[in-house]
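Observations on the three-dimensional arrangement
The lines below spell out each chain.
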Amino acid sequence: MGHLLDRVYLGAAWIAAFTILAIALLISAQIFLNFSTRALSLPLPSTIPSYADFSGFMLAAATFLAMPYTFRSGGHIRVSLITARLMPRARLVCEIAALAGAAFLTGFAVYFIWVLVAESVHYGDVSNGTIPVPLWIPQSAMGVGMTLLCISAIHSLVETLLRGAPVIAASEEV
Amino acid sequence: MSDPVVGLILLAVLFVFLAGGLWIALSLSAVAAVALAFFSNSSVGLNMAVTFWGHSHSWSLTALPLFILMGEILLRSRLSKDMFNGLAPWLGGLPGRLLHVNVLGCAIFAAVSGSSAATAATIGKMSIPELKSRGYPEGLILGTLAGSATLGLLIPPSIILIVYGVATEQSIARLFVAGLIPGALLVAMFGAYVAVVSWLNPDMIPVERSKLNLKEKLWEARGLIPVGLLIVGVIGAIYTGIASPTDAAALGVLLSILLAVLSGSFSRADFLDALLSAARTSCMIAFILLGAAFLAVAMGFTGLPRNLAAWIGGMGLSPYFLLFVLTIFFIVLGLFLDGISVVVLTTSIIMPMVMAVGIDPIWFGIYLVLVVEMSQITPPVGFNLFVIQGLTGIDILRIAKAAFPFFLLLVVAVVLITVFPGIVTYLPTAMNR
Amino acid sequence: DTWDMPTPYGDSTFHTQNIAQFAADIAEATDGALEITVHSGGSLFPHGEIRNVVRSGQVPIGEFFLSLLVNDDAAFGIDSQPFLATSYDDAARLWDAQRPVVTELLAEQGLMPLFSVPWPAQGLYTNGEVSSVEDLAGLRFRAYNAALEEFAALAGAAPVQVEAPDIPQAFATGQVEAMVTSPSTGANSTAWDFVTHYTAINAWVPKNIVVVNERAFRRLPDDVQAAVMDAAAAAQARGWEMSAAEADEKTAIMADNGMIIVEPSAELTAGLQEIGAQMLENWKSGASEAAMSILTAYQDQ
Ligand code: NA
Ligand code: NA
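Notes on the structure follow. (Residues numbered from 1 in each chain as written. Chains lettered and ligands numbered in written order. Predicted model: local features only at pLDDT ≥ 70, side-chain atom pairs only at ≥ 80, totals over all residues. Heavy atoms only, no water.)

**Topic: the sheet that holds strand S3 (residues 61–65) of chain C**
Residue and element names in this part refer to chain C.
- Taken in spatial order, the three strands make up an open sheet running S3-S10-S4, and their pairing is antiparallel. Where the open sheet ends on each side, the last strands, each with one partner, are S3 and strand S4 (111–118). In this sheet, neighbouring strand axes are inclined to one another by 25 degrees on average, regardless of whether the strands run parallel or antiparallel.
- Note that S3 and strand S10 (residues 207–213) share five bridges and pair antiparallel. (Pairing = 2+ DSSP bridges. Helix = DSSP H or I, 4+ residues; strand = E, 2+ residues; numbered from the N terminus. Axes fitted to C-alpha atoms, helices over the stretch in contact; angles between N-to-C directions.)

Right, here's the structure in full:
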């Protein structure tokens, strides 16, 4: 079960990674059009409609879909100088409290993000650029990413309780 | 409840969350939630969702993951190592040697990127491992990087100057021009600091390779060509109008892939590694930015920064004393809020009092950038510290200690532009002709 | 009660100054029973979110650029249709026709319009004089929405997407060679740094709108509601006057800074109006019933 979940987190992170690559390609295509219409005067369309909007939406998707993997692999940072000086027992209590807090906060965020998505569906909200994009689509990527983050927090909490030791990688000192 | 009490309660809550090891992004969100729930007329959940959404898809943020990806690609190819080898013979004679790469690298990159986080991430990705392996002292590596990366805000293009220009209706072109001399001044000050510290502690700085003659130096310098091409390509695209500053990040990614592949040391596995690593780093930074944005919204609703600014305005101070008090005010706010939030939350109140005492708004914009630069390297909320912790795993408090001399240098810079305002106003005035 | 009010533009914009006066009027009329805290310059929420946060009740009141909602319904964007209403008188008649329809559309979202104030009419910024539509051919033309892209295409210009903060750099580097915007934006972004000519083609007169959450409004005591409506009516009247004064003042500032202010030639006007007529035909084919009813009411007046 835990193994399967970690594969889901990693899968989402790969989608995020290729989304970032897609942003680079989309913007580069626009630069290519700028260059070929201006410098070479080629008869090409001069803009990709709403490319800034699409880049933004892809950025949001990449950010949120990478959340659970980043969390599990110790990529999200925190202040550890103080807890590091505690006795192991107290440190474990802090870790459990932090994970419980993370699960609660992200769960709270998940609920209201889906409320926001439902509102966008209800009112048929669309983006205000040249190409109207129904907002529930990019917002759902945010919802999925945040939901997975919440699951990964609960998952880590359960593992920590079962093992009696922290499971989130302490970010490594290079 | 009075404002000071509310402020102290929120601070205490923030410190408890951070000290207890709650993730920074979540700590900021949690304090925002407490502020909204107990000290505002608005609701918590929807404000959180709307802020997360509204700030996660902004166009100006798209450059961040792209610049990070560029750094990851350069790191994994031979290019960044070649660059250091090419620079070593030239900088080897200077006190501080390759530490100047951090300062100069950040200054050059600042001309491409508008944010200090992207500058820290891109330059740090390459320079930290290289300088560590060459034996440079950790404190100076981290300090020069954290401090110099703040140049991303001052040397144009600059996101913060755009935000200030839009909020106060000042010419963004003039603000950009006004940042040039102060930017050069800071580069010189940071470089001089590195040189003096190294000169006083010669044992700390490792010896670079023995003396080469000019021919050998030039031959080693061929390693600078690929990265030089990359920089020229990206800056050239911006200044010929082929690409906007945000677009330029994408061009940087493509060019760095191309150069890495041509250098023959970049495999498909390296590429995939770089992609996943960029997704992870930019996710970490973006999540903290979202938490900080949510905290800024909560502060907007509670009115704390506004009331504090209005209180200062009510004191009827002389220009110099006003600037002194404002500097303290911005440093304190900058401890807990990110720089852009400080600007948007307070300009409404600050600008009228600044104009009333006859301070030039262009000068004030540059002054603001300098104090915002300070906020990037002060704990607990300092984005350069977060980025460098993300890169190295070293705790932000230790990084903040290493960066403290650079904080003081920024304070000196503020004093300098106050005493000699021409440093800022000379170029924009010359534009008027 | 204290109401938080997000607005998108900075304190030196006349819209924001008008709203500050509106807030002061209400506080005075209600003896402090309703205080409005204005959060200007997008400091609380990004512009694109303001309608939504008023709708959900996170804030009771807010301001935004009306034709931002054009993708929801063409009725919201009719004031940004080129060469349909080009003077303040026409714009006022268009708002008379538009107001009932917009009120109905917003009511479906639990929103109620309080008042709407126009920006000065949109003029043309170029390097060199433009005396006919042919002079626009081949120019890289800033377009930030579908209507402007269509306009650029019909004028034979090349539409380029440039976000507002990038404008000076885009002109400086030749990424853009022409744009249409109000004298306010022109003067505030020191357009003389990058263009030489301003042609007052008065292409359209777009508006900002202030809306209130209907439930929040109904919760107010009757006398406070009345005070809000009175202050809104006063703000609307004052805002239109401020806008006209702003147009003259900002045009004068551009002239003082060395820009050449040009009245459009008869040939240019005729050519632009032809484009406007063609765009209106295209617009009709995609317009909703509500939007068509505005056009009919406006043209029948
Ligand atoms: Na910069
Ligand atoms: Na700080």
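Still more to cover.
**What about the interface of chain A and chain C?**
- Contacts between chain A and chain C engage 17 residues on the former and 21 residues on the latter.
- For the pair chain A and chain C, the two sides together bury roughly 1500 Å², of which 41% comes from carbon and sulfur.
- By the criterion of area lost to chain C, the three top residues of chain A are Arg38, Tyr123 and Asn128 of chain A, representing 35% of everything that side buries.
- Run the count over chain A and chain C and you get three salt bridges.
- In this structure, Arg55 of chain C and Asp125 of chain A form a salt bridge, with 2.6 Å as the shortest nitrogen-oxygen distance.
- Listed by contribution, the elements that provide at least two residues to the side of chain A that touches chain C are helix H2 (51–65) and helix H5 (88–123) of chain A.
- Its residues assigned to classes, the side of chain A that touches chain C shows seven nonpolar, seven polar and three charged. (Contact = heavy atoms within 4.5 Å. Buried area = accessible area lost by both parts, 1.4 Å probe. Salt bridge = Lys/Arg side-chain N within 4 Å of Asp/Glu carboxyl O. Nonpolar A, V, L, I, M, F, W, Y, C, P; charged D, E, K, R; others polar.)

**Some points on the coordination of the sodium ion (ligand 2)**
All names here are of chain B.
- For the sodium ion (ligand 2), the full set of protein donor atoms is Gly334 (O), Ser375 (O), Thr378 (O), Thr378 (OG1) and Val381 (O), and the range of their distances to it is 2.3 to 2.5 Å.
- Spacing between the donor residues of the sodium ion (ligand 2) along their common chain follows G-x40-S-x2-T-x2-V. The residues Ser375 and Thr378 share a single accessibility class, namely buried. (Donors = N, O, S within 2.8 Å, 3.2 Å for Na, K, Ca; no water. Buried < 20%, exposed > 50% of the residue type's maximum accessible area, 1.4 Å probe, protein only.)

**What to know about the pattern of salt bridges**
- Under the definition given, this model contains 22 salt bridges over all chains.
- Between Glu72 of chain B and Lys125 of chain B there is a salt bridge, with the nearest N and O atoms lying 3.2 Å from each other. Of this pair, Glu72 of chain B sits in helix H4 (residues 63–76) while Lys125 of chain B sits in helix H7 (residues 116–133), placing them 53 residues apart in sequence. Here the two residues Glu72 of chain B and Lys125 of chain B agree in accessibility, since each one is buried.
- Salt bridges here are not isolated pairs; linked through shared partners, they connect Glu119 and Asp125 of chain A together with Arg51, Arg55 and Asp72 of chain C.

**What to know about the nonpolar core**
All names here are of chain B.
- If you look at the biggest cluster of nonpolar residues, it comprises 258 residues, and the most contacted ones within it are Phe52, Leu326, Phe330, Phe364 and Tyr367.
- Per-element accounting of this core gives the leading share, 20 residues, to helix H16 (residues 268–302).
- Excluding anything up to four places from it in sequence, Leu326 contacts Ile312, Ile350, Val354, Phe364 and Tyr367. (Core = buried A, V, L, I, M, F, W, Y, C linked by side-chain atoms within 4.5 Å.)

**Notes on the interface of chain A and chain B**
- Opposite the 66 residues of chain A that make contact, chain B presents 61 residues.
- The contact between chain A and chain B buries some 5600 Å² in all, and 77% of this surface belongs to carbon and sulfur atoms.
- The interface formed by chain A and chain B contains zero salt bridges.
- Summed over the shared surface of chain A and chain B, the number is six residue pairs in polar contact (both at pLDDT 80 or more).
- When residues of the side of chain A that touches chain B are traced back to their parent elements, those giving at least two are helix H1 (2–38), H2, helix H3 (67–72), helix H4 (81–84), H5 and helix H6 (136–163) of chain A.
- For the side of chain A that touches chain B, the residue count by class is 46 nonpolar, 16 polar and four charged. (Polar contact = N/O pair within 3.5 Å; in protein donor to acceptor, adjacent residues only side chain to side chain.)

**A few points about the packing of helix H5 (residues 79–91) of chain B against helix H14 (residues 224–239) of chain B**
Residues and elements named next belong to chain B.
- Axis separation between H5 and H14 bottoms out at 7 Å; the angle between their running directions is 110 degrees. As the angle between them shows, H5 and H14 are arranged roughly perpendicular. Where H5 approaches H14, its residues Leu79, Met83, Gly86 and Leu87 are matched on the opposing element by Leu224, Pro226 and Val227.
- Taken together, the residues of the contact of H5 with H14 sort by class into six nonpolar, one polar and no charged. (Parallel < 35°, antiparallel > 145°, perpendicular 65-115°, else oblique.)

**Remarks on a negative patch on the surface**
- On the surface, Glu129, Glu134, Asp135 and Glu267 of chain C cluster together to form a negatively charged patch.
- Topologically, Glu134 of chain C is positioned in the loop between strand S5 (123–126) and strand S6 (140–142). (Patch = residues over 30% accessible without salt bridge, like charges linked within 9 Å, V, L, I, M, F, W, Y side chains within 5 Å. Areas by Shrake-Rupley, 256 points an atom, 1.4 Å probe, with all protein chains shown as cover. Lys, Arg positive; Asp, Glu negative; His and termini not counted. Charge placed at Lys NZ, Arg CZ, Asp CG, Glu CD.)

**Notes on the side chain of Thr378 of chain B**
Residue and element names in this part refer to chain B.
- Tracing the backbone shows Thr378 in the loop between helix H20 (361–376) and helix H21 (383–392).
- Here Thr378 falls in the buried class, since its relative accessible area comes to 8%.
- Within polar-contact distance, the side chain of Thr378 engages the backbone oxygen of Ser375 at 3.4 Å.
- Setting aside its immediate chain neighbours within four residues, Thr378 contacts Gly334, Leu335, Leu385 and Phe407.

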